Amino acid sequence: MNMKIAAIIAAVAIPNMASAVSVTGNASVQIQTAITASQTQQMNFGTVAPAATAGVVTLTPAGQTSSPTLATYGPPAAGQFTITAQPSTALNVTFADGTVTNGANTMTVDTFTSTSTPASNTTDASGNLALNVGANLNVGANQAAGTYNGNYTVTVNY
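Presented here is an overview of the structure given in this document. Remember, it's a predicted structure, so these values are computed and weren't measured experimentally. Position labels on residues start from 1 in each chain and follow its written sequence. Restriction of local features to residues with pLDDT of at least 70 applies here, the model being predicted, together with a cutoff of 80 or more for giving and counting side-chain atom pairs; totals for whole chains, interfaces and linings are based on all residues. With hydrogens and water excluded, all non-hydrogen atoms of the structure serve as input to the side-chain values.

### Re the overall build of the chain
In plain terms, the rule: Put simply, DSSP marks the helices as runs of H or I at least four residues long and the strands as runs of E at least two long, and each gets a number from the N terminus on. The contact definition used throughout considers only heavy atoms, calling two residues in contact when any of these lie within 4.5 Å. Values of accessible area rely on a 1.4 Å probe in the Shrake-Rupley scheme; residue burial ignores everything except the protein chains shown.
A count of helices and strands for the chain gives 1 helix and 10 strands. Ordered by position in the sequence, the α and β elements of the chain form the string α-β-β-β-β-β-β-β-β-β-β. Contacts in the chain between residues at least 24 apart in sequence constitute 70% of all its contacts with a sequence separation of at least 6. Total accessible area computed for the chain in this model is approximately 9,900 Å², and 55% of it derives from carbon and sulfur atoms.

In structure tokens form, the structure reads like this:
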């Protein structure tokens with residue numbers, strides 16, 4: 001093979017490694033309004049008459065109580081919260097079980113339900129959301145008399 005032809009073939013077959021390219025990438029971000037929440041009404045299961053067997057008292061987000069085995073009376077109230085966040089945005093609302101205590105005596109608060117205005121946990125055009133919360137109160141057999149207080153956790157995020 002001719003040396004000139006071999007040099008030409010070698011020059012064409014080897015890519016030019018000295019070329020480079022630059023490209024500009026784009027970036028964006030949306031900063032959301034910080035979420036704030038405050039309790040406007042404490043959850044209250046009213047008054048419960050204990051029985052010889054354990055039972056559950058259900059408090060609805062509308063503030064009504066019921067129990068298949070325990071007598072309930074007195075003025076119950078659903079928990080109420082005011083939440084502010086990004087306008088017209090769906091929020092994720094979760095609950096962590098709580099306890100109410102009277103000295104060494106405790107009861108668990110769990111199985112939370114909620115309703116919101118506007119519906120579906122979506123803030124209104126001003127970024128407001130009203131949340132009503134109900135739950136179950138687990139009353140022990142022959143639960144000790146007294147006033148029980150405690151808490152539960154409501155977590156709200158985007």
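### Here's the deal with the packing of aromatic side chains
Rule in force here: In summary, the pairing rule links any two rings of Phe, Tyr or Trp, Trp by its six-membered ring, whose centres are within 6.5 Å, and it sorts them by plane angle into stacked for under 30 degrees, edge-to-face for over 60 and tilted for everything else. Working definition: with a 1.4 Å probe on protein chains only, accessible area under 20% of the residue-type maximum means buried, over 50% means exposed, and in between means partly exposed.
Tallied over the full model, the rule gives 3 aromatic pairs. Note on F81 and Y152: the rings are 6.3 Å apart at their centroids and 85 degrees apart in plane angle, and the pair reads as edge-to-face. With F81 in strand β6 (residues 79-84) and Y152 in strand β10 (residues 149-157), this residue pair connects regions lying 71 residues apart in the sequence. By relative accessible area, F81 is classed as buried at 11%. A ring pair is formed by F95 and F112, whose centres lie 5.1 Å apart and whose planes are at 15 degrees; its orientation type is stacked. In this pair, F95 sits in strand β7 (residues 92-102) while F112 sits in strand β8 (residues 105-117), placing the two residues 17 residues apart along the sequence. A network of ring pairs unites the aromatic residues F81, F95, F112 and Y152 as a single cluster.

Geometric values such as these leave the question of function open.
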